[in-house]
Amino acid sequence: LLFTAVEKRTVVKETAEFVRQQANAGAATLYLSNSEQNLYPMLKRFLILNKFPGGALMLRQYVHLRSWIWGKISRRLNNHKRTMLEKIMELFSDRKYILLGDNTQHDLTIYLDLAKSHPASVQCVIIRQATLKPANEALLNEAAAFFKMNNITFYYGTGLPNSFIVQ
């Protein structure tokens, strides 16, 4: 992060276009990241430079070195995304959600857990395969079966579906 200027960072064009399509179709946009709050100015500038639609940018609290080391030693999972999405879904239980993530962290696990606790609220889960690490086949199969049974659109792949607008 320190060595590449925001203007030189690469945007995933398909993701940017997908988010713009959804916003143009009337969806409210919320950006939720495990990045720390001290990166807000850089991330906000990246979103503006790449013409992402406006929306809240929710970042996790700054972690002190001591807390980070203890988290690594204790193997404690960071639950920022899960916690924030749970609160949002409880506050706005009448809304339908499109959950867009990638396979670099635990997005599919988090989204599957949320869909299990709020099946009527999750309309679509999209996981972009950003890294070529082998997928957890058991997790993918469980997710696909659950989403199908609950009429939740599910997509997992290296790109994003073309002309995909969720109503």
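Predicted model only: the values in this text are computed from it and were never measured. Note on numbering: residues in each chain are counted from 1, in written sequence order. Where local features are concerned, this predicted model is filtered to residues with pLDDT of at least 70; where side-chain atom pairs are given and counted, the filter is 80 or more; whole-chain, interface and lining totals use all residues. Note: side-chain values were computed over all heavy atoms of the structure, leaving out hydrogens and water.

(A) Representation of the overall build of the chain in the model. Along the backbone of the chain there are six helices and five strands. Along the chain, helices (α) and strands (β) appear in the sequence α-β-α-β-α-α-β-α-β-α-β when read from the amino end. Residue burial is assigned from relative accessible area. The probe radius is 1.4 Å, only protein chains are included, and a residue is buried under 20% of its type maximum, exposed over 50%, and partly exposed in between. Looking at the chain as a whole, 38% of its 167 residues are labelled buried. Reported accessibility uses the Shrake-Rupley method at a 1.4 Å probe radius. Residues are deemed covered only where the shown protein chains occlude them. Surface summary for the chain: the accessible area is close to 10,800 Å², and the carbon and sulfur share equals 55%. In DSSP terms, a helix is any run of H or I states spanning at least four residues, a strand is any run of E spanning at least two, and both are numbered starting from the N terminus.

(B) Representation of the pattern of salt bridges. Each reported salt bridge corresponds to a side-chain nitrogen of Lys or Arg within 4 Å of a carboxyl oxygen of Asp or Glu. According to the stated counting rule, one finds six salt bridges in the structure shown. Note that R45 is salt-bridged to E7, the shortest N-O span being 2.5 Å. You can see R45 sitting in helix α2 (residues 40-49) and its partner E7 sitting in the segment before α1 (13-24), a full 38 residues away along the chain. Taking relative accessible area as the criterion, R45 reaches 39% and is therefore assigned partly exposed. Since its relative accessible area comes to 48%, E7 is described here as partly exposed. Where R20 meets E17, a salt bridge forms, and the shortest distance between an N and an O atom there is 3.7 Å. One end of the pair is R20 and the other is E17, both in helix α1 and three residues apart, which spans about a single turn.

(C) Inspection of the packing of helix α5 (residues 107-117) against helix α6 (residues 137-149) at higher detail. Running from N to C, α5 and α6 point in directions that differ by 30°, and their axes come no closer than 11 Å. If you check the angle between α5 and α6, you find them roughly parallel. Here the hand of the crossing between α5 and α6 comes out left-handed. Residues L108, T109, L112, A115 and K116 of α5 form the contact with α6, whose own contacting residues are L139, L140, E142, A143, F146 and F147. For this classification, Asp, Glu, Lys and Arg are treated as charged, while Ala, Val, Leu, Ile, Met, Phe, Trp, Tyr, Cys and Pro are nonpolar and the rest, including Gly, are polar. Of the residues contributing to the contact of α5 with α6, the split by class is eight nonpolar, one polar and two charged. Every angle, taken between N-to-C directions, lies between 0 and 180 degrees, and every axis is a line fitted to C-alpha atoms, over only the stretch in contact when it is a helix. Note that the term roughly parallel is reserved for angles under 35 degrees, roughly antiparallel for angles over 145, roughly perpendicular for angles of 65 to 115, and oblique for everything else. By the definition used in this description, the sense in which the near helix is turned from the far one sets the handedness, with an anticlockwise turn below a right angle giving left-handed and a clockwise turn giving right-handed. In this analysis, two residues are considered to be in contact whenever any of their non-hydrogen atoms come within 4.5 Å of each other.

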